[in-house]
Amino acid sequence: MVADNLKSVLSKLPPEVKLVAVSKFHPAEDILEAYNAGQRRFGENRPQEFAAKVAGLPGDIEWHFIGHLQTNKLKLVLPYASLVESVDSQRLLDAIEKWGSEHDKVIDVLLELHLGAEETKGGFTEEEILDIFRPDRRSSYRHVRFRGLMGMATNTDDQSVVEADFARIEALKNKLNQEYGLPDFTELSIGMSHDWPLAVKHGATIVRIGTAIFGSRS
Ligand SMILES: *Cc1c(COP(=O)(O)O)cnc(C)c1O
């Protein structure tokens, strides 16, 4: 079933958009089923589960970390993540820089822009992100490679609200690209199972799809 679902998603996704199969809460066997069907990029959102799955699964998987990361859990994630998509606070960004400096490693990250109305969702404001990119500040991050932006649209059936969220994050990415011309700053990770077609319309280069591949998590 997982393999069929994967095939169905891939048949609709433009080939240049990268698929992160979000396997959180699902067992290793399900991941292997997708792996055996050709999928190599997976996403997890809890550090402990992330580290356990990395250790138990094939070494050529590209792991993305997509959840809230506490600064005392960096060692479970940073050695193994190809991309930390969910850098959602100044404190975390600074902790990653420090960890990278201590381990002589450059960490690829996306900055998470707070979208939508939900109070509980984390992420930076646009002003905070623009401020990070001021050349004097950006150059102090020598162990962080800024690869793009990540966001989660408002959870609603109202497509116009979702589109407005995606349009806002797309505009911020374009603005940063225009102002600073950063060659590595290419990724826009937006779109989940229920809203990824709209995300693709708004420039998504990465979509993070869980339920539509692995089924519900309950
Ligand atoms: C769980 C999760 C997803 C996938 O959500 P689905 O609705 O199952 O596709 C995508 N992004 C993040 C950050 C998530 O936590």
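Shown above is the structure to which this text applies.
Residues numbered from 1 in each chain as written. Predicted model: local features only at pLDDT ≥ 70, side-chain atom pairs only at ≥ 80, totals over all residues. Heavy atoms only, no water.

## Some thoughts on the overall build of the protein chain
Looking only at helices and strands, one finds 10 helices and eight strands in the protein chain. Relative to the compact-globule value of 17 Å for 218 residues, the protein chain shows a C-alpha radius of gyration of 17 Å, a close match. Across its three principal axes, the protein chain shows a C-alpha extent of roughly 50 × 40 × 30 Å. For the protein chain, the centre of its 26 positive side-chain charges and the centre of its 33 negative side-chain charges are spaced 3 Å apart. (Helix = DSSP H or I, 4+ residues; strand = E, 2+ residues; numbered from the N terminus. Rg over C-alpha atoms; globule rule 2.2 N^0.38 Å. Lys, Arg positive; Asp, Glu negative; His and termini not counted. Charge placed at Lys NZ, Arg CZ, Asp CG, Glu CD.)

## Things to note about the site of the ligand
As a matter of local geometry, the ligand sits amid Val22, Lys24, Ile66, Met150, Met152, Met192, Ser193, Arg208, Ile209, Gly210, Thr211 and Arg217. Here an oxygen atom of the ligand sits 2.8 Å away from a polar atom, N or O, in the main chain of Gly210. At a separation of 2.5 Å, an oxygen atom of the ligand approaches a polar side-chain atom of Thr211. Compared with its free state, where it exposes 390 Å², the ligand has 92% of that area covered by protein. When grouped by side-chain class, the residues that make up the shell around the ligand number six nonpolar, three polar and three charged. (Near = heavy atom within 4 Å. Polar contact = N/O pair within 3.5 Å; in protein donor to acceptor, adjacent residues only side chain to side chain. Areas by Shrake-Rupley, 256 points an atom, 1.4 Å probe, with all protein chains shown as cover. Nonpolar A, V, L, I, M, F, W, Y, C, P; charged D, E, K, R; others polar.)

## Focus: the pattern of salt bridges
In total, this model carries 15 salt bridges according to the counting rule given. Of the charged contacts, one joins Glu187 and Lys18 as a salt bridge, the two residues approaching to 3.1 Å between their closest N and O atoms. Pair noted here: Glu187 is in strand β7 (residues 187-189) and Lys18 is in strand β1 (residues 18-22), with a separation of 169 residues, a long-range link. By relative accessible area, Lys18 is classed as partly exposed at 27%. Each of Lys18, Asp108, Arg145, Arg147 and Glu187 takes part in one network of salt bridges that share partners. (Salt bridge = Lys/Arg side-chain N within 4 Å of Asp/Glu carboxyl O. Buried < 20%, exposed > 50% of the residue type's maximum accessible area, 1.4 Å probe, protein only.)

## Regarding the pairing of strand β5 (residues 107-112)
The buried fraction of β5 amounts to six of the six residues, a majority that puts the element mostly inside the structure. Pairing analysis gives two bridges linking strand β4 (residues 83-87) to β5, with the strands arranged parallel. Within the sheet, the bridge partner assigned to Val87 lies in β5 and is Leu111. Traced from β4 through helix α5 (residues 90-103) to β5, the parallel crossover comes out right-handed. (Pairing = 2+ DSSP bridges. Right-handed = clockwise from strand over helix to strand, strands pointing away.)

## A look at the packing of helix α1 (residues 2-12) against helix α2 (residues 28-36)
Two elements in contact, α1 and α2, have axes whose closest approach is 8 Å; the angle formed by their N-to-C orientations is 50°. The angle between the axes of α1 and α2 places the two elements in the oblique class. Taken as a pair, α1 and α2 cross one another with a handedness that is right-handed. Along the contact surface, α1 presents Val2, Ala3 and Leu6, while α2 presents Asp30, Glu33 and Ala34. (Axes fitted to C-alpha atoms, helices over the stretch in contact; angles between N-to-C directions. Parallel < 35°, antiparallel > 145°, perpendicular 65-115°, else oblique. Left-handed = near helix turned anticlockwise from the far one by under 90°. Contact = heavy atoms within 4.5 Å.)

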